[in-house]
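Descriptive structure summary
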Amino acid sequence: MSHFALEVDDISKRFGGLAATRNVTLRVKPGERRLLIGPNGAGKTTLFNQIAGDFLPDSGAIRLFGQEMTRLPTKKRVRMGLSRTYQILTLFPNDTLRHNVALALLGTEGGGWSCWSSLAAKRDMMARADDALAAVGLGDAAGREVAQTSYGERRRLELAMALAQKPKVLLLDEPLAGLSADERETVRALLEHIPRDVTIVMIEHDMDVALAFADQITLLNFGQVVLEGTRAEVIADPRTREVYLGH
Amino acid sequence: MTLRGSRFWALMSLFLIALPFALPSDYYLGIATHALVLAILALSLDILIGQGGMTSLGHAVYLGLPAYAAAWTMQNANWPPELAIPFAIAMGTAVSALFAVLSLRARGLGFLMITLALGQVMWGAAYRWVGLTGGDNGIRIPVRPPVLGIDISSVRSFYVVVALALMVALVCIWHLERSPFGACLRGTKDQPKRMNMLGHDVWSIRFLAFVFAGFWGSIAGVLYVFDYLYVSPSSLSLPQSAEALLMVVLGGAGTLTGPVVGAIIITVIKTVVSSYVDRWYSLLGLTFIIVVSVMPRGLVPGLKAWFAPKEGGAR
């Protein structure tokens, strides 16, 4: 048993002539809050896609709590305790918030093959969906359709769907993207209240929130790790400035 | 206002019971029976289109193939209908599973083209394999045989069989829509990537939906050959597939009543109006153009929005 929650071991990925990921190694401890930063096109989301299993790395290995998952299909990774949110909202717009969360629960718990029983009659699942919504402050909105909610509420629904799955490792891809100052504060507080038995890897551009949240920071550029360290170390390092200001 | 729950079922039952009394003659009841058989086909196709977001142009396979299977086994192998019917449904469903594996390699236009190609293969086989299918002449059944000792030879008795089958299909598909599987299927339509990330097996969900559609299509296919007492390559043809698609789109994909309404309208235009108007295909096209320009989501959702209280949701 490895003592890392998530271990990305020397993975590389090329798309034709473009090296999207170059020998990236990432070791995240259980309960850690890891922040991934880097300019646009640095390969942060591409790295998430490989951890999630959207596509496979050309070389290297990915492990969850020491368990090999480099070539597993996404659904197996989810069963092992991996969840993810998206930078671009990826919700089910014609359904209620409650059913959006129910789809997340069906994904981890199974039960999605039942063709005769009514989903709404799964009272236990509906109650847990409502709990997950209440936990992000959307308890009153459970019966509303996604189309009738604000952008800020949808961001929180993204989070509720991932948290409802009770993940061990949670990948957050810009959970604050596009939010107003007030809404950012709400989401920041929510993130802070996620218990420490959930390990979090987050991509975020809002440095005020992200830096305060993170234990460890990894700076990526051109698909490779430039440096890694605590907040103070990364801020003080001249290479950070170089990557962001490109002087 | 939406027709939900008990009100929907009461109205639908009332409509099916009243129809034989309301229509002036057996001739019209026969046309109503044709329409309801095709309504089951349209409902089955809507599992793919309305729920799963997979537009198929080869759904006539599940009308024509079981029709041929039932006709051939009864006429050429002297099977009793009690054996021929389950065999035909099983065969149609098995072929849908095979074709699902082939079609689900692609999405969108690619999926459409593969279903179209598979449909054309089946049509070509029916047309050319004269020894098996009788080619252009098709297979004729002289009289409608009794099933389980029940005489269904009259127009009225066969109408009852079809009306009951339609009710059963509606109940099953209604349950499917409200079930966890239905929610998952609609999820794969809207956000396949997210469904995958939530831990669902998107391919298998689509596969199962395809087989469901094939199963209910095969029920329609068996009723079709018992209705017309005749099957020819046209039952497998592209125009037949396109007609089923038209019924779904015209009535409203993703609704329970839409495909039924679409099937009735198109059958009426095709059989009743065509005896007064020569260019009925043009009329069909014109109807379609008008409906999709005024109500792009189809007649049933369109009319619902029309009559809905104006403050909420109606565009």
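Here the structure is a predicted model, which is why all the values come from computation and not from measurement. (Residues numbered from 1 in each chain as written. Chains lettered and ligands numbered in written order. Predicted model: local features only at pLDDT ≥ 70, side-chain atom pairs only at ≥ 80, totals over all residues.)

Here we come to the overall build of chain B. Broken down by element type, chain B carries 14 helices and 2 strands. Here the C-alpha atoms of chain B give a radius of gyration of 19 Å, agreeing with the 20 Å that 2.2 N^0.38 yields for 315 residues. Considered along the principal axes of its C-alpha atoms, chain B spans approximately 60 × 45 × 40 Å. Residue burial in chain B is summarised as follows: out of 315 residues, 47% are buried. Counted over contacts in chain B with a minimum sequence separation of 6, partners at least 24 positions apart contribute 75%. (Helix = DSSP H or I, 4+ residues; strand = E, 2+ residues; numbered from the N terminus. Rg over C-alpha atoms; globule rule 2.2 N^0.38 Å. Buried ≥ 20, exposed ≤ 12 C-beta atoms within 10 Å, placed from the backbone. Contact = placed C-beta atoms within 7 Å.)

Residue and element names in this part refer to chain A. Looking at chain A, the domain boundaries give domain 1 (6-81 + 167-245) and domain 2 (92-151). Placing the centre of domain 1 and that of domain 2 at their C-alpha centroids yields a distance of 28 Å. Each partner contributes to the interface: domain 1 provides 5 residues, whereas domain 2 provides 5 residues. When contributions to the side of domain 1 that touches domain 2 are tallied by element, the ones reaching two or more residues are α2 (74-79) and α6 (181-192). (Domains from an automatic or database assignment.)

This next bit is on the interface of chain B and chain A. Counting residues at the interface gives 19 residues for chain B and 27 residues for chain A. Breaking the side of chain B that touches chain A down by element, the ones donating at least two residues are α7 (155-178), α8 (180-190) and α9 (192-197) of chain B.

Turning next to the pairing of strand β7 (residues 169-173) of chain A. For a regular strand, the rule is simple: side chains alternate between the two faces of the sheet. All names here are of chain A. Among the 5 residues that make up β7, 5 are buried, leaving the element largely enclosed by the rest of the structure. Residues V169, L171 and D173 of β7 are buried on one face, and the alternating residues L170 and L172, pointing to the opposite face, are buried as well. As paired strands, strand β6 (residues 82-84) and β7 are joined by 3 bridges and run parallel to one another. From the neighbouring strand, L82 faces β7, where its bridge partner is V169. When β7 meets strand β8 (residues 199-203), the two strands line up parallel, connected through 5 bridges. For D173, the partnering residue across the bridge sits in β8 and is I203. Viewed along the sheet, the connection from β7 through α6 into β8 turns out right-handed. (Pairing = 2+ DSSP bridges. Right-handed = clockwise from strand over helix to strand, strands pointing away.)

Turning our eyes to something else, we now look at the pairing of strand β10 (residues 224-229) of chain A. When strand β9 (residues 216-221) of chain A meets β10 of chain A, the two strands line up antiparallel, connected through 5 bridges. Paired with L220 of chain A across the bridge in β10 of chain A is V225 of chain A.

With that settled, the discussion passes to unusual backbone geometry. Phi at D10 of chain A takes a positive value of approximately 55°, unusual for a residue other than glycine. Of note, D10 of chain A is situated in strand β1 (residues 6-15). Accessibility expressed as a C-beta count within 10 Å gives 13 for D10 of chain A, which makes it partly exposed. Despite not being glycine, L148 of chain B has its phi angle at roughly 55°, a positive value. Residue placement: L148 of chain B occurs in the loop between β1 (139-140) and α7. Look at L148 of chain B and you get exposed, because 9 C-beta atoms sit within 10 Å.

On to the packing of helix α3 (residues 61-75) of chain B against helix α10 (residues 202-228) of chain B. All names here are of chain B. Where α3 contacts α10, the two axes come as close as 7 Å, and the packing angle between them is 50°. Considering the angle they form, α3 stands oblique to α10. As α3 runs across α10, the sense of the crossing is right-handed. For the pair formed by α3 and α10, the contact residues are Y62, L63, G64, L65, P66, A67, A70 and A71 on the first element and G214, G217, S218, A220, G221, V222, Y224 and V225 on the second. Classifying every residue of the contact of α3 with α10 by side-chain character gives 11 nonpolar, 5 polar and no charged. (Axes fitted to C-alpha atoms, helices over the stretch in contact; angles between N-to-C directions. Parallel < 35°, antiparallel > 145°, perpendicular 65-115°, else oblique. Left-handed = near helix turned anticlockwise from the far one by under 90°. Nonpolar A, V, L, I, M, F, W, Y, C, P; charged D, E, K, R; others polar.)

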